[in-house]
Amino acid sequence: MNILIEGIDILTSDRPVEFIKNADIGIADGIITFIVQHGQAPVSFRADKKISGSRRLAMPGMVNAHTHCGMTVMRNTADDLPLHKWLFDRIFPIEAKMTDEDVYWGTMLGAAEMIRSGTTAFADMYLHMDWAAKAAEETGMRVNLSRSPVDFHTEGGLKAIDAFEECRSYFKAWNGKANGRLKVYIEVHSTYLFDIESLEKAAALARELKTGIHIHLLETRKERDDSFARYGKSPVEISAESGIFDAPVIGAHLVHVSERDIELLKDFNVTAAHNPTSNLKLGSGIAPVPGMLAAGINVALGTDGVASNNNLNMFEEMHLAALIHKGAAQNPELVTAGQALAMATTNGAKALGFGNETGRIKVGMKADLLLLDVDKPHFYPLNNPLSAVVYSAQGSDVDTVLVDGNILMENRELKTIDEEKAKFQAGAMAARLISNG
Ligand SMILES: [Zn+2]
């Protein structure tokens, strides 16, 4: 399908051209084929669909670089607890009861929330991943799915179960599917749940499949202390030594990193997925993002699961990422609006392995973008569109969302998800999994 977005202002997130006024964007077969001054579209271009850009601002879709989408059923059920207690006493017992269908509908609900707040791609790490993949495919979103080669039986104590063959089959079933919208990485939950042998085997599997790894790293002080007590080394050093870092890696959190850890992350090109809300809410701390950016590390942004956020709104995450480091260091020059936008878009696309295809509005890139409704008091006057997007915008300002040139939401109406059904199913799941405990 050919789409023409007419008379639109664009925040490209592509340097050096950051802002283009009053342009026409042409999209053919999912690709941005031209960006020209309004009215200058090639006469040969036949649009099947025209979208007015009047009082709208186009920007790249948000990329959520770390979440557990199927967890939406646990929203607002286990709050105000430290991570270890939260995970082992509250989350694992609920997850032990979850079924394929729970994850399917949990993912659908999460996807509806993400599309509504402008997210076009996300990195998902969860359970029953065939059902997460099925839901992801149907939503039309771009998704990096990670499946663990070790399953954990959590009822009556944690027990590791070998699932390398299942992980290999999962990769073969889903990687590259849905016109390349689905990509499969290997999930390594953490260096505290995986032993050295499993870490090395997971690294070998990633090498064999030529794919990446999604791992939680140094989320809490306790994780760091426990790792030193067990190995005399940090989880970052353990990951580097066991071969995990030889693959492209999304390292979620990285709150308690040392200078040495930062050097290793840079040397091995590891992406840091910064989750400011989750880290604040679980009292884990504040990741040294300015230091990681200064070291040249690719820093992306994630919401984490809704059980520790408690939403999947990347505008909120970007806003917070642009603020907390300024406040913590009493330095307003840290994490600029431009850096925050790059973290939420371009850097995230790179983290998920889609960096050559999306994350910027540019000719030749896939049409993964959103239109913000800027005809609202909090956008007036629109003196600086970049500042407006980072400091003034709300997730609810997102009006229209395209992924791969397909319209997933238009004028706030979802096109690929039965939202009423997803909400109903989530309610039924909560009644079974949580309320009746
Ligand atoms: Zn997480």
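Relevant structure appears above.
Residues numbered from 1 in each chain as written. Predicted model: local features only at pLDDT ≥ 70, side-chain atom pairs only at ≥ 80, totals over all residues. Heavy atoms only, no water.

> Residue-level account of the overall build of the chain, with values.
Each helix and strand counted, the chain has 15 helices and 19 strands in total. A globule of 437 residues ought to have a C-alpha radius of gyration of about 22 Å, and the chain, at 21 Å, matches this closely. Projected onto the principal axes, the alpha-carbon positions of the chain cover approximately 65 × 45 × 40 Å. Nonlocal contacts in the chain, meaning residues at least 24 apart in sequence, comprise 72% of its contacts between residues at least 6 apart. When the accessible surface of the chain is totalled, it reaches about 16,800 Å², and 49% of it is carbon and sulfur. In the chain, 43 positive and 56 negative side-chain charges are present, and the distance between their average locations comes to 2 Å. (Helix = DSSP H or I, 4+ residues; strand = E, 2+ residues; numbered from the N terminus. Rg over C-alpha atoms; globule rule 2.2 N^0.38 Å. Contact = heavy atoms within 4.5 Å. Areas by Shrake-Rupley, 256 points an atom, 1.4 Å probe, with all protein chains shown as cover. Lys, Arg positive; Asp, Glu negative; His and termini not counted. Charge placed at Lys NZ, Arg CZ, Asp CG, Glu CD.)

> Break down the state of the cysteines for me, citing the residues and quoting the values.
In the structure shown here, the tally under the stated rule is zero disulfides. Not engaged in a disulfide, the cysteine C167 finds its nearest cysteine sulfur in C69; these two sulfurs lie 19 Å apart. Owing to a relative accessible area of 2%, C167 belongs among the buried residues under this scheme. (Disulfide = S-S within 2.5 Å. Buried < 20%, exposed > 50% of the residue type's maximum accessible area, 1.4 Å probe, protein only.)

> Tell me about the coordination of the zinc ion, residues and numbers included.
In this structure, H66 (NE2), H68 (NE2), H216 (NE2) and D304 (OD) serve as the protein donors to the zinc ion, at separations of 2.1 to 2.4 Å. Note that the zinc ion binds four donor atoms; their angles at the metal cover 84 to 176 degrees, and the shape is irregular. Summarised as a motif, the one-chain spacing of the donors to the zinc ion is H-x1-H-x147-H-x87-D. Taken together, the residues span a long stretch of sequence, with H216 in strand β12 (residues 213-217) and D304 in the loop between β15 (299-301) and α11 (314-329) at a distance of 88 residues. Given a relative accessible area of 5%, H216 falls into the buried group. (Donors = N, O, S within 2.8 Å, 3.2 Å for Na, K, Ca; no water. Tetrahedral: all angles 85-135°; square planar, octahedral: opposite > 155°, others 65-115°.)

> Quick rundown of unusual backbone geometry? Include the residues and the values.
Cis peptide bonds are those with omega within 30 degrees of zero, and the linkage from N309 to N310 qualifies with 10 degrees. Mapped onto the elements of the fold, N310 is located in the loop between β15 and α11. In this model, Y380 is joined to P381 through a cis peptide bond whose omega is -15 degrees. Within the secondary structure, P381 is located in the loop between β16 (369-373) and α14 (385-392).

> Explain the packing of aromatic side chains to me, and be specific about the residues and the numbers.
Enumeration over the complete set of coordinates arrives at six aromatic pairs. Seen in terms of ring centroids, F34 and F45 are 5.0 Å apart; in terms of plane orientation they differ by 90 degrees. Their pairing is edge-to-face. Residue F34 is found in strand β3 (residues 31-37), and its partner F45 is found in the loop between β3 and β4 (49-52); the two are separated by 11 residues along the sequence. The same class applies to F34 and to F45, which are both buried. (Phe/Tyr/Trp six-rings, centres within 6.5 Å; stacked < 30°, edge-to-face > 60°.)

> Could you give an account of the nonpolar core, naming the residues involved and the relevant values?
Of all hydrophobic cores here, the largest spans 117 residues; its most connected members are W86, M292, M318 and L372. Residue contributions to this core peak at nine residues, all from helix α2 (residues 100-116). Counting residues in hydrophobic clusters, the runner-up holds 17 residues, among them I8, I27, I32 and I407. (Core = buried A, V, L, I, M, F, W, Y, C linked by side-chain atoms within 4.5 Å.)

Note that every value here comes from positions in space, so none of it alone points to a role or purpose.
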